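The lines below spell out each chain.
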Amino acid sequence: MWFAALSNINHQPWLISLLGRLFSNSDSVIALLEKNPFEERPPEMIRIIKYKYFFTHNKDQVNWWKREMDSIYLSTIKRNDHVLVKYLKESGYRPITNKKFEIHPWQSIPIVKIVISFIIINFTACLLLK
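Definitions and limits used
Residues numbered from 1 in each chain as written. Predicted model: local features only at pLDDT ≥ 70, side-chain atom pairs only at ≥ 80, totals over all residues. Heavy atoms only, no water. Phe/Tyr/Trp six-rings, centres within 6.5 Å; stacked < 30°, edge-to-face > 60°. Helix = DSSP H or I, 4+ residues; strand = E, 2+ residues; numbered from the N terminus. Buried < 20%, exposed > 50% of the residue type's maximum accessible area, 1.4 Å probe, protein only. Polar contact = N/O pair within 3.5 Å; in protein donor to acceptor, adjacent residues only side chain to side chain. Contact = heavy atoms within 4.5 Å. Lys, Arg positive; Asp, Glu negative; His and termini not counted. Salt bridge = Lys/Arg side-chain N within 4 Å of Asp/Glu carboxyl O.

**Some words on the packing of aromatic side chains**
As enumerated under the stated definition, the model contains three aromatic pairs in all. Each ring, one from F55 and one from W65, has its centre 4.5 Å from the other, and the planes form 20°; the classification is stacked. Taken together, the residues F55 in strand β1 (residues 45-55) and W65 in strand β2 (residues 65-78) connect sequence positions ten residues apart. A residue is classified by how much of its surface remains accessible, and F55, at 55% relative accessible area, is exposed.

**What to know about helix α3 (residues 82-90)**
In this structure D81 caps α3, since a side-chain oxygen of it lies 3.0 Å from the backbone nitrogen of V83. Downstream of α3 by one or two residues, G92 has phi in the positive range, about 85°.

**Let's talk about helix α1 (residues 13-23)**
Burial within α1 is extensive, with nine of its eleven residues counted as buried. Those residues of α1 lying buried are L15, I16, S17, L18, L19, G20, R21, L22 and F23. Elements that come into contact with the buried residues of α1 comprise α2 (27-30), β1, β2 and α3. Two residues or fewer after α1 comes N25, characterised by a positive phi angle close to 55°.

**Some points on the environment of K66**
By the secondary structure assignment, K66 is in strand β2. Residue K66 is classed as partly exposed on the basis of its relative accessible area, which comes to 44%. When the C-alpha atoms of K66 and Y53 are compared, they prove to be 5.7 Å apart, with 13 residues separating the residues in sequence.

**Regarding the side chain of R79**
In this fold, R79 is placed in the loop between β2 and α3. Although R79 is buried, it makes no salt bridge; E44 carries the closest opposite charge, 4.6 Å away. A polar contact of 2.8 Å, which involves the side chain of R79, links it to the backbone oxygen of F23.

The structure is reproduced here in structure tokens:
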């Protein structure tokens, strides 16, 4: 996606389509990412920040790259932004959909996850100690 930064977003219709697919939490688009940042639900807002990357000169440094914020490539845009929705529709891209997410009852209560994890760890420890 580095080449998108060579021009502004108005010249990148595929990027606008990508935003629509991210707002829909599209399985085929999310599969392109290393990790799904929207596991619980699709994002409500997205902002794109443009960074400049430079090689570091210190050989002892762990990171080879140093980055500096260059500019806001796309200001915060909301999921239901009428300009985005209209553009997607007029350009023939898929509309933003409301994908249903199944939430198990225990997922909505963090303490239950902790208790279940604790029980599993204790059970495993008891089995190992026998």
